[in-house]
Amino acid sequence: MQSSKPTHVRYLILLMLFLVTTINYADRATIAIAGSSLQKDLGIDAVTLGYIFSAFGWAYVAGQIPGGWLLDRFGSKKVYALSIFTWSLFTVLQGFVGEFGMSTAVVALFMLRFLVGLAEAPSFPGNARIVAAWFPTAERGTASAIFNSAQYFATVLFAPLMGWIVYSFGWEHVFIVMGILGIVFSLVWLKVIYSPREHPRVNEAEFKHIADNGGMVDMDQKGKKSDGPKWDYIRQLLTNRMMLGVYLGQYCINGITYFFLTWFPVYLVQERGMTILKAGFIASLPAICGFIGGVLGGVISDYLLRKGHSLTFARKAPIIAGLLVSSSIVACNYVEVEWMVVGFMALAFFGKGVGALGWAVVSDTSPKQIAGLSGGLFNTFGNIASITTPIVIGYIISSTGSFKWALVFVGANALVAVFSYLVIVGPIKRVVLKEPPAKGGNEVTGNLSQAHS
């Protein structure tokens with residue numbers, strides 16, 4: 001490192017996080033875009049499709065704590081690269097399930113979606129970990145919002161493309177194209193990603209700016225790897241009221257996310273009578289609004305922080321306002337004109353984007369020694385919604401014959417999240433962890449400056 005005008009390598013790192021998260025969510029959404037055609041070809045009902053949608057979530061949730069520990073133990077670069085390659089390979093293989101009979105195809109598809117979820121488990125704890133290492137506290141809300149907004153950009157960029165592929169070539173090809181793209185990106189990742197101390201392009205001035213302002217630059221330093229999961233640390237986080245409120249809020253926010261990732265294109269085709277090609281393009285419009293809202297939420301939060309507002313206010317205000325707006329999705333039940341349906345969906349997704357600031361909390365509040373594990377625990381709770389939401393909506397559609405109560409369910413998630421942040425979370429403050437008694441009883445204060453939610 002040489003001292004001179006500060007470099008801006010951290011923005012390249014953020015670009016990589018944005019791109020990998022875009023691919024991540026595009027691979028999750030493949031099944032949603034292919035869902036209606038796949039359902040028809042395989043002859044499966046709404047409940048079965050709901051369970052297939054949920055397969056990702058079962059493994060994704062189960063893999064969060066082990067994935068977080070792997071990140072802490074072996075570092076973000078290698079674990080994340082292996083994660084990208086593996087989930088992409090399983091995505092490719094989904095394109096060949098149609099070669100089997102219906103029963104075998106359903107089982108194979110469920111298992112492959114399960115394996116995709118398991119392989120993707122380290123991704124968001126890895127994002128939070130890398131942001132915590134590369135970005136000062138006052139830049140972390142925006143950085144977290146940018147990588148998190150990639151979930152919307154994935155739909156903007158890939159939903160029309162995937163809809164066209166399904167329409168022109170068949171649903172199988174969506175999985176093959178997206179999987180190959182991910183495999184290629186895993187090789188790019190290995191060439192670009194390093195820790196701040198080891199990156200060949202970062203200079204001393206940028207490194208000092210990061211280190212002096214809250215960046216955990218030595219998170220992946222060799223010789224300081226965790227020996228294994230710290231179960232007492234997990235117990236302490238699970239008994240912290242603030243964190244429990246954040247976990248509940250993230251669960252509800254992800255309930256909204258997984259409606260859009262699973263049933264939304266099916267809603268457009270089956271409830272609103274669109275072709276899959278049109279649905280692919282229409283699905284991108286709410287996603288554009290979600291992307292704008294996602295970036296805006298982080299910018300507003302960091303702006304409020306810089307203007308001297310408390311961390312509690314700076315993080316909570318965008319979340320509560322955004323989720324109140326997101327509950328407007330219920331209004332789609334009372335309009336018939338297509339553009340109004342799309343408009344309310346776009347408004348709801350914009351609000352959800354503004355309010356989706358949970359990962360900034362994790363980057364700000366996680367202790368250096370268990371940053372991956374803390375993010376994994378947070379994501380475990382949040383992604384229980386990836387299991388429950390597709391299944392609950394599948395049963396609602398099967399029993400009522402329409403999506404009306406499904407949209408009420410999604411809107412209710414937004415309001416419960418508002419309640420969580422208003423009533424349960426309370427003031428956002430630094431978490432202090434104590435070493436387990438066997439370790440000697442010394443208190444360890446994690447780099448938990450600035451929880452956000």
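The rules behind each value
Residues numbered from 1 in each chain as written. Predicted model: local features only at pLDDT ≥ 70, side-chain atom pairs only at ≥ 80, totals over all residues. Heavy atoms only, no water. UniProt positions renumbered as here; feature names shortened; annotations may be inferred. Helix = DSSP H or I, 4+ residues; strand = E, 2+ residues; numbered from the N terminus. Buried < 20%, exposed > 50% of the residue type's maximum accessible area, 1.4 Å probe, protein only. Contact = heavy atoms within 4.5 Å. Areas by Shrake-Rupley, 256 points an atom, 1.4 Å probe, with all protein chains shown as cover. Phe/Tyr/Trp six-rings, centres within 6.5 Å; stacked < 30°, edge-to-face > 60°. 1 Å grid on protein atoms, 1.4 Å probe; cavity = no way out; pocket = protein on both sides within 12 Å on 5 of 7 lines; lining within 4 Å. Points joined across faces, edges and corners; volume = space filled by probe spheres on them. Nonpolar A, V, L, I, M, F, W, Y, C, P; charged D, E, K, R; others polar.

The protein goes by MFS transporter in an unreviewed UniProt entry, where it is assigned to Pseudomonas triticicola. The record held by UniProt for the protein lists under Sequence similarities (unreviewed entry) the comment "Belongs to the major facilitator superfamily. Phthalate permease family." According to the UniProt record, the Subcellular location (unreviewed entry) comment for the protein is "Cell membrane".

Colleague: What should I look at first to understand the overall build of the protein in this one?
Modeller: In terms of helices and strands, the protein carries 18 helices and two strands. In the protein, which comprises 453 residues, the share counted as buried stands at 61%. Counted over contacts in the protein with a minimum sequence separation of 6, partners at least 24 positions apart contribute 83%. For the protein, the exposed surface amounts to about 16,900 Å²; the carbon and sulfur share of it is 67%.

Colleague: Looking at this structure, how should I read the packing of aromatic side chains?
Modeller: For any two aromatic rings, the description comes down to two numbers: the centre-to-centre distance and the angle of the planes. What the rule picks out here adds up to 22 aromatic pairs. Geometrically, the ring pair formed by Tyr51 and Tyr395 is edge-to-face, given 6.3 Å between the ring centres and 85° between the ring planes. Of the two residues, Tyr51 is situated in helix H2 (residues 46-62) and Tyr395 in helix H17 (residues 385-400); the sequence distance between them amounts to 344 residues. Under the relative-accessibility criterion, Tyr395 is labelled partly exposed at 43%.

Colleague: Can you help me understand empty space enclosed by the protein in this one?
Modeller: The tally for this structure, following the rule as stated, stands at four cavities of 30 Å³ or more. If you add up the space inside the largest cavity, you get close to 140 Å³. Lining the largest cavity are 18 residues, with Ala29, Thr155, Phe260, Leu261 and Ala283 positioned closest to its centre. Mapped onto the lining of the largest cavity, the elements with two or more residues apiece are helix H1 (9-42), helix H7 (137-169), helix H11 (241-271) and helix H12 (276-306). Across the lining of the largest cavity, the residue classes tally to 15 nonpolar, three polar and no charged. Of the voids in this model, the second largest cavity is the one considered here, and its volume is about 100 Å³. Lining the second largest cavity are 16 residues, and of these Tyr25, Asn148, Gln250, Asn254 and Trp359 lie nearest its centre. Put simply, the parts of the chain that give the lining of the second largest cavity at least two residues each are H1, H7, H11 and helix H15 (358-365). When the residues that make up the lining of the second largest cavity are grouped by side-chain class, the tally is seven nonpolar, seven polar and two charged.

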